[in-house]
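# Topology and contacts: notes
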Amino acid sequence: MFSVLYDLAPSWTSAAILSTFFIYLAIAGSILPGKVVPGVILSDGTRLHYRCNGLLSLLLLVGLLGVGVWMNYVSPTAISKRGLELLSATFIFSFLTGCKSRNQGSSLKPHFTGNFIYDWFGSNDKALRGSVEGSGFKWFGIQLNPQFMGIDMKYFFVRAGMLGWLLINLSILAKSIQDANLSQSMILYQLFCVLYILDYFFYEEYMTSTWDIIAERLGFMLVFGDLVWIPFTFSIQGWWLLRNKVDLTTAAIIANCFVFLVGYLVFRGANKQKHVFKKNSKALIWGEPPKVVGGKLLASGYWGIARHCNYLGDFLLALSFSLACGISMEGKKR
């Protein structure tokens, strides 16, 4: 118990790793070339533009780290050895950012509810919003599109979360190789995650039409989700496999690959249809004109089968990550 609390205590090293990571992303995101994508038109009539250079930023970062490891300037296991303290350092940063984000610039003028919890979390959930809308407030006081030194913070944080997840996994993989316990399960899990992350950055422009970007206010809930939830919970399987040995049969590996493939096809197909429809409501869906309900609701393709097929696909992808750990109640401790 006390050892866990000790490991959770953030150090100057973890703060330096986190700061260097953010500084790199800020510089790379600002100077590297990339497709500039217009966002949706906001309620005040303005439109933000996003530079989609996340994939190039990822490749450059991995390349620089690879050179650093080769020259013995960087330890490939630096993150895997400091997982808990990096978790607490990132949580503290998310907490402070949730407080600070109330005062940043935005494309829309904020309106404070006077309720610190609503303003701090920044949720746009109708259940929460209903208790304050009666007083005339439409916003929770959290900026819709806060910027810092010309950087869109919401777009920046989700990119940081996805890249952070990749770096954690790569460090776990390095630790597994260093300890000479690399398994088929670890390789399978790492492969699935790399494909998922690369896919995200290849289709990064699709993020500009998501609810998080166009409607959610930046508060603790969104920052925590991007910086803590994505990288540190999505890598749980890797941490587990680092300490447990799982022997998968050939049939289990094939079945797991099938689950991943089906999940990916549904997830990417549904999200692509939604993005294309938002950009052009007359674009063909599965070779036919789209069916629309209420003028805005797509009811063709995957969206004509179920309301949220994209979530089903995402669930299957997440399931494939976990199936790499086997289906027994516990693995063999290393």
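It is worth spelling out the side chain of Ser57 at this point. With respect to the helices, strands and loops of the structure, Ser57 is situated in helix H3 (residues 54-70). Those residues in contact with Ser57 that sit more than four places away from it in its chain are Tyr24, Ala28, Gly29, Leu32 and Arg159.

Further remarks concern the confidence of the model for the chain. Of the residues in the chain, 82% reach a pLDDT of 70 or more, and the chain-wide mean stands at 82. Within the chain, no element has a lower average pLDDT than helix H6 (residues 126-133), which sits at 43, and none a higher one than helix H8 (residues 184-202), at 95. Here residues 103-112 is modelled with pLDDT under 50, and outside its nearest four sequence neighbours on either side it reaches 33 contacts, counting other chains as well. pLDDT under 50 marks residues 126-141. Its contacts with residues more than four places away, or in other chains, come to 31 contacts.

Two elements in contact, helix H7 (residues 153-178) and helix H11 (residues 236-243), have axes whose closest approach is 10 Å; the angle formed by their N-to-C orientations is 10°. Viewed along their axes, H7 and H11 adopt a mutual orientation that is roughly parallel. Counting all contacts with H7, which are made through Ile168, Ile172, Lys175 and Ser176, the residues of H11 involved are Gly238, Trp239 and Leu242. Residue composition of the contact of H7 with H11, by class: four nonpolar, two polar and one charged.

With that settled, consider a nonpolar patch on the surface. On the surface, a nonpolar cluster with roughly 710 Å² of combined accessible area is contributed by Leu65, Val67, Val69, Trp70, Met71, Tyr73 and Val74. Take Val69: it is sitting in helix H3.

Turning our eyes to something else, we now look at helix H2 (residues 12-31). Between its first and last C-alpha, H2 extends 28 Å over 20 residues, near the 28 Å set by a 1.5 Å rise per residue. Considered for burial, the residues of H2 that qualify are Ser14, Leu18, Phe21, Phe22, Tyr24, Leu25, Ala28 and Gly29. Seen along its axis, H2 keeps its buried residues to an arc of 160°; they face one direction. Exposed and facing more than 90 degrees away from the buried side of H2 are Trp12, Thr20, Ile23 and Ile31.

Moving on, we come to the nonpolar core. Phe21, Met162, Trp165, Tyr189 and Phe321 are the most contacted members of the largest nonpolar core, which totals 59 residues. It is H7 that provides the largest number of residues to this core, a total of 13 residues. Beyond its immediate stretch of four places on either side in the chain, Met162 contacts Tyr196, Ile197, Tyr200, Phe201 and Ile230. Counting residues in hydrophobic clusters, the runner-up holds eight residues, among them Ile285, Leu298, Trp303 and Cys309.

Quick look at the packing of aromatic side chains now. Here the structure, examined in full by the defined rule, presents 21 aromatic pairs. Ring plane angle 90° and centroid distance 6.0 Å describe the contact between Phe91 and Phe224, whose orientation is recorded as edge-to-face. Of this pair, Phe91 sits in helix H4 (residues 83-100) while Phe224 sits in helix H10 (residues 220-233), and the two are 133 residues apart along the sequence. For Phe224, a relative accessible area of 25% translates into the label partly exposed. Ring centres 5.0 Å apart and planes at 85° place the aromatic pair Tyr200 and Phe201 in the edge-to-face group. Like Tyr200, the residue Phe201 is buried in the burial classification.

What follows concerns the environment of Phe321. If you trace the backbone, Phe321 turns up in helix H14 (residues 309-323). Taking relative accessible area as the criterion, Phe321 reaches 5% and is therefore assigned buried. Non-local contacts of Phe321, meaning those with residues more than four positions away in its chain, are made with Trp165, Tyr189, Phe192, Cys193, Tyr196, Gln237 and Phe260.

With that settled, the discussion passes to H3. End to end, H3 covers 24 Å across 17 residues, agreeing with the expected 24 Å (1.5 Å per residue, within 8%). Taken as a whole, H3 has its buried residues at Gly54, Ser57, Leu58, Leu61 and Gly68. Buried residues along H3 cover an arc of 100° about the axis, so they all sit on one side. Immediately beyond the C-terminal end of H3, within one or two residues, lies Asn72, with a positive phi of roughly 65°.

What counts, and where the lines are drawn
- Throughout this description, residue numbers start from 1 for each chain and increase along the sequence as written.
- Totals for whole chains, interfaces and linings use every residue, but because this is a predicted model, local features are given only for residues with pLDDT of at least 70 and side-chain atom pairs only at 80 or more, for both listing and counting.
- Only hydrogens and water are set aside; all other atoms, that is, all heavy atoms of the structure, feed into the side-chain values.
- For helices the rule is a DSSP run of H or I covering at least 4 residues; for strands it is a run of E covering at least 2, with both sets numbered from the N terminus onward.
- Should any heavy atoms of two residues lie within 4.5 Å, those residues are considered in contact.
- For every residue, the predictor reports its confidence as pLDDT, a number between 0 and 100.
- Axis lines are fitted through C-alpha atoms, for helices just across the contact stretch, and the angle between N-to-C directions can take any value from 0 to 180 degrees.
- The scheme is simple: roughly parallel for angles under 35 degrees, roughly antiparallel for over 145, roughly perpendicular for 65 to 115, oblique for anything else.
- Asp, Glu, Lys and Arg are counted as charged, while Ala, Val, Leu, Ile, Met, Phe, Trp, Tyr, Cys and Pro are counted as nonpolar; the rest, among them Gly, fall into the polar class.
- A residue counts toward a patch only above 30% relative accessible area and without a salt bridge, and it is joined to like-charged neighbours within 9 Å or, for Val, Leu, Ile, Met, Phe, Trp and Tyr, to nonpolar neighbours within 5 Å.
- For accessible areas, the Shrake-Rupley method is used with a probe of radius 1.4 Å. Any residue's cover is judged against the shown protein chains and nothing else.
- Note on definitions: salt bridges are taken to be side-chain nitrogens of Lys or Arg within 4 Å of carboxyl oxygens of Asp or Glu.
- A helix is expected to span 1.5 Å multiplied by its residue count minus one.
- Buried residues are those whose accessible area, probed at 1.4 Å on protein chains only, stays under 20% of the maximum for their type, while exposed residues exceed 50% and partly exposed ones sit between those limits.
- This arc is built from the directions going out from the helix axis to the C-beta atoms.
- Working definition of a nonpolar core: buried Ala, Val, Leu, Ile, Met, Phe, Trp, Tyr and Cys residues. They are joined through side-chain atoms within 4.5 Å.
- Aromatic rings from Phe, Tyr and Trp, taking only the six-membered ring of Trp, are treated as a pair when their centres fall within 6.5 Å; an angle between ring planes under 30 degrees marks them as stacked, one over 60 as edge-to-face, and anything in between as tilted.

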